[in-house]
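What follows is the residue order along each chain.
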Amino acid sequence: MDGLMIEVIITPKILEEAKKRNEQYFNRFGNSGTHRTNKERQRMTGYLAEACVNSVFPEIEYSDNYLVDFLLDDSTIDSKAQGCNSKPLEFYSATLYEEQKNRDADYYIFSRVKNDFSKAWICGIASKKKFFQIATLKKAGTETNNFTYDQSRYEVSYNKLGDMYKFMKWHNETTSNI
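Since we're looking at a predicted model, the values are computed, not measured. (Residues numbered from 1 in each chain as written. Predicted model: local features only at pLDDT ≥ 70, side-chain atom pairs only at ≥ 80, totals over all residues. Heavy atoms only, no water.)

As for the side chain of Ser-152
Then, number 1: Examined against the element boundaries, Ser-152 turns out to sit in the loop between strand S10 (147–148) and strand S11 (153–157).
Then, number 2: In this structure the side chain of Ser-152 is engaged in a polar contact, spanning 2.9 Å, whose partner is the backbone nitrogen of Ala-140.
Then, number 3: If we ignore the near neighbours within four places in the chain, the residues touching Ser-152 are Tyr-97, Glu-98, Leu-137, Lys-138, Lys-139 and Ala-140. (Helix = DSSP H or I, 4+ residues; strand = E, 2+ residues; numbered from the N terminus. Polar contact = N/O pair within 3.5 Å; in protein donor to acceptor, adjacent residues only side chain to side chain. Contact = heavy atoms within 4.5 Å.)

Written out as structure tokens, the structure is:
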């Protein structure tokens, strides 16, 4: 698993990019799509994760379509991020809210962003098809390890996700033959 997670130091440039994208989205849509109590923090966590992905993999471009975060050639990619206080471990869960299942994404990239916005970890990638084949649905109200799910969500542990570097190598090899 060590090669799977990519640690990214959040630079002033990454932070500024995330703030700009957050402000643009908020001015257009307000708090739609946010689920946590601290909506500003949740939005910034998401935009920091996106900016980190784009800084490591610039060929994954931001999408102009607000329903999906990235484009990679003809593929759509949705970024999913969670806040954290420390480096995530391989058995931690990549999550997707149940209502997001019908989004038009070909792939999901999962990340964690440290709550002080100093670091992020790109934890892995999965095709939409594979994610839902291996995910477990935790219904709202389910209790696990002193935690009660407030909303239904799908979960997959990080160690079951694909390695981003291997994914990009595979993508570049398969598209160069077209």
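Concerning the pattern of salt bridges
Then, number 1: Within this structure, the stated rule accounts for 7 salt bridges.
Then, number 2: Asp-78 is the salt-bridge partner of Arg-103, the closest N and O atoms lying 3.3 Å from each other. Of this pair, Arg-103 sits in the loop between strand S5 (93–97) and strand S6 (107–114) while Asp-78 sits in strand S4 (residues 75–84), placing them 25 residues apart in sequence.
Then, number 3: Relative accessible area serves as the criterion here: at 2%, Asp-78 is assigned to the buried category.
Then, number 4: Two residues, Lys-139 and Glu-98, come together in a salt bridge whose shortest N-O distance is 3.3 Å. On the criterion of sequence distance, the pair formed by Lys-139 in the loop between strand S8 (136–138) and strand S9 (143–144) and Glu-98 in the loop between S5 and S6 is long-range, its members being 41 residues apart.
Then, number 5: For Lys-139, a relative accessible area of 42% corresponds to the partly exposed category.
Then, number 6: Under the relative-accessibility criterion, Glu-98 is labelled partly exposed at 29%.
Then, number 7: Sharing partners across several salt bridges, the network here consists of Asp-78, Lys-80 and Arg-103. (Salt bridge = Lys/Arg side-chain N within 4 Å of Asp/Glu carboxyl O. Buried < 20%, exposed > 50% of the residue type's maximum accessible area, 1.4 Å probe, protein only.)

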